[in-house]
Amino acid sequence: MIPTQSLETSQSSVLSYDPKDWQQGYRSQPNEYDYWIEDIDGEIPMALEGTLFKNGPGLLEIGGQPIHHPFDGDGMVSAIQFTQGRAHYRNRYVRTQGYLAEQQAGKILHRGVFGTQKPGGLLANMFDLKLKNIANTQVIYWGGKLLALWEAAEPHRLDPVTLETMGIDYLEGILQPGDAFAAHPRIDPASALDGGQPCLVNFSIKPGLSTTINLYELATDGRLLRKRAYTVPGFAFIHDFVITPRYCIFFQNPVSYNPFPFLLGWAGAGECVQFQSGQPTQVIMIPRDPQDKAIKTFEVEAGFVFHHANAFEQQEDELIVDSICYKTLPGVDPQADFRDTNFADLDPGQLWRFTFNLETGTAQSQQIEPRCLEFPAIHPAHMGRSYRYLYLGAAHDLQGNAPLQGVLKLDLEAGDRQIWSAAPRGFTGEPIFVPHPQGTQEDQGWVLILVYDASHHRSDLVILDAQNFTAPMARLHLKHHIPYGLHGTFAAV
Ligand code: CO
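So, a few notes on the structure that sits alongside this text. All of these numbers come straight from a predicted model, not from anything done at the bench. (Residues numbered from 1 in each chain as written. Predicted model: local features only at pLDDT ≥ 70, side-chain atom pairs only at ≥ 80, totals over all residues. Heavy atoms only, no water.)

With an omega dihedral of 5°, the bond running from Ala423 to Pro424 counts as a cis peptide bond. For Pro424, the location among the structural elements is in the loop between strand 29 (417–421) and strand 30 (426–427). At Phe375, a residue that is not glycine, the phi angle is positive and equals roughly 55°. Considering the arrangement of structural elements, one finds Phe375 in strand 26 (residues 373–377). (Helix = DSSP H or I, 4+ residues; strand = E, 2+ residues; numbered from the N terminus.)

Here is the structure:
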């Protein structure tokens, strides 16, 4: 049982932010930079060595025409390299085919999954099913390669130092042209199937009337260890998954898909996904050992899940999954501008724990945290294993839905919570936990977080001591802003 927090603290009817400040973080950043960060409050820890890579949509319009949804924005990768107490910043656009063509044309040439339409109205968009691989969701370093990921298509390989785009990467033939590779690989730190070696586990989805889930497991040198495909009934919209030493776990949320508005050019494919309120979520557990064919399925009330925090097995027959759940998934309104989002109209993402009994097939769920949260992060050595500490992007106030303005550290054992907030004028996203190289405790290390500072229209990289959130160890002021991003990775390069 995890103690839940009382709702009687930090109540406020006043917004913790000005919506106009929040909107400014969605201005495009068309420039590419390369400089040593000199404007620093505090000190960068000397033991922090390596590079923080972050990916996200960098362009929110093309040729003056706005992108309909930030998820449709071209991928811009930032690298902040730490060495001997100093930090260097660099950013580059991923030179996807679509990015190059549209920059040259000075206008939108492709339809976006989330509703960005080409100019020219219905006729120009009708039956144009060619989507742009925008490489904007995650960036990972694996098998000696830096890869920008977007879940509906192949990865793009970048030079880890210059961030120059080297082209689409088929992972030494593991992928074929047109294959997808999800943006949420999980790294098993000590794979039981591989003699305790680390292993990257990822998936791809081919949705339709039934959905095929492809599973890939890659060795540290990029070699394919295992690849399997499973078909599950019904349409599935699956962004993330979790692993344990024995299972890959997917939440198939209750959504339906009506492809006709997309085929006819009225809407983006992402706009045709409809959440089925009141329907259960199917939880699918696929054994990682290809010899084991016994897939387990469960039904839970989970609402909609984009991101999972972690999963682990305990007492032989119990499997735990911690996830950020939304009561409903709002449809993407083709007429609305995402910048006008009224946060109060939407359900917050909240942290839930699901306990599955593998013997009896029963499931239980419990809300762990009512605060609006997203982007969970953990110590990488605890991936798929029992864990105590969780770091999340968090709203400033304890109740209600709001933009992320802080970082929450949750002690799942003691129930303690620490929050560092950048409110009222700062906005956060995904925290990354970097273990201290000599650390012996799970929370020994640093939490790195990019903060958009509306008062200076620039971004800061904030370094928090994971054991003490009272004040940042260092705040590195960039010379410019980075539009709100998606996911990132810390790598020892
Ligand atoms: Co994600």
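Turning our attention to the environment of Ala182. With respect to the secondary-structure elements, Ala182 resides in the loop between strand 11 (165–168) and strand 12 (186–191). Residues Ala182 and Trp142, spaced 40 residues apart in sequence, show a C-alpha to C-alpha distance of 14 Å. Other than its neighbours up to four places away in sequence, Ala182 contacts Leu149, Glu151, Asn202 and Phe203. (Contact = heavy atoms within 4.5 Å.)

Take the coordination of the cobalt ion next. Donor atoms from the polypeptide that bind the cobalt ion are His184 (NE2), His239 (NE2), His307 (NE2) and His487 (NE2), placed at 2.0 Å. For the cobalt ion, the 4 donor atoms in the first shell make angles of 93 to 157° at the metal, a pattern classed as irregular. Read in sequence order, the donor residues for the cobalt ion give the motif H-x54-H-x67-H-x179-H. Taken together, the positions of His184 in the loop between strand 11 and strand 12 and His239 in the loop between strand 15 (224–233) and strand 16 (242–243) put the pair 55 residues apart, joining distant regions of the chain. For His184, a relative accessible area of 9% gives the class buried. (Donors = N, O, S within 2.8 Å, 3.2 Å for Na, K, Ca; no water. Tetrahedral: all angles 85-135°; square planar, octahedral: opposite > 155°, others 65-115°. Buried < 20%, exposed > 50% of the residue type's maximum accessible area, 1.4 Å probe, protein only.)

The next point concerns the nonpolar core. Within the largest apolar cluster, 40 residues are counted, with the highest numbers of intra-cluster contacts made by Phe203, Phe250, Leu390 and Leu410. Among residues more than four places away in sequence, those in contact with Leu410 are Leu351, Ile368, Glu369, Arg388, Tyr389, Leu390, Leu392, Asp416 and Arg417. If you look at the next biggest cluster of nonpolar residues, it comprises 24 residues, including Leu48, Ile80, Tyr99 and Ile432. (Core = buried A, V, L, I, M, F, W, Y, C linked by side-chain atoms within 4.5 Å.)

Quick look at the environment of Gln117 now. Of note, Gln117 is situated in the loop between helix 2 (97–105) and helix 3 (121–125). Counting along the chain gives 210 residues from Gln117 to Lys327, while the straight-line C-alpha distance between them is 29 Å.

Applying the stated criterion across every chain, the model contains 26 aromatic pairs. Ring centres of Tyr26 and Phe338 lie 4.9 Å apart, and the angle between their planes is 85°; on these two criteria the pair is classed as edge-to-face. Of this pair, Tyr26 sits in the loop between helix 1 (19–24) and strand 1 (34–36) while Phe338 is found in the loop between strand 23 (318–326) and strand 24 (350–357), placing the two residues 312 residues apart along the sequence. Per residue, the accessibility class of Tyr26 equals that of Phe338, and both read buried. Ring geometry for Phe304 and Phe306: centres 4.9 Å apart, planes at 65°, overall edge-to-face. By relative accessible area, which is 1% here, Phe304 ends up buried. Taking the ring centre of Trp36 as reference, the NZ or CZ of Arg86 above it sits at 4.1 Å. (Phe/Tyr/Trp six-rings, centres within 6.5 Å; stacked < 30°, edge-to-face > 60°. Lys NZ or Arg CZ within 6 Å of the ring centre and 35° of its normal.)

Moving on, we get to the side chain of Thr51. Along the polypeptide, Thr51 turns up in strand 3 (residues 50–57). A distance of 2.4 Å separates the side chain of Thr51 from the backbone oxygen of Val493, its partner in a polar contact. (Polar contact = N/O pair within 3.5 Å; in protein donor to acceptor, adjacent residues only side chain to side chain.)

What the rule picks out here adds up to 29 salt bridges. With a shortest N-O distance of 3.8 Å, Arg86 and Glu38 are connected by a salt bridge. Residue Arg86 is found in strand 7 (residues 86–93), and its partner Glu38 is found in the loop between strand 1 and strand 2 (40–42); the two are separated by 48 residues along the sequence. For Glu38, a relative accessible area of 61% corresponds to the exposed category. Notably, a salt bridge pairs Glu217 with Arg288, separated by 3.0 Å at the nearest N-O pair. With Glu217 in strand 14 (residues 210–218) and Arg288 in the loop between strand 20 (281–287) and strand 21 (296–300), this pair connects stretches of sequence that are 71 residues apart. Just as Glu217 is buried, Arg288 falls in that class too. (Salt bridge = Lys/Arg side-chain N within 4 Å of Asp/Glu carboxyl O.)

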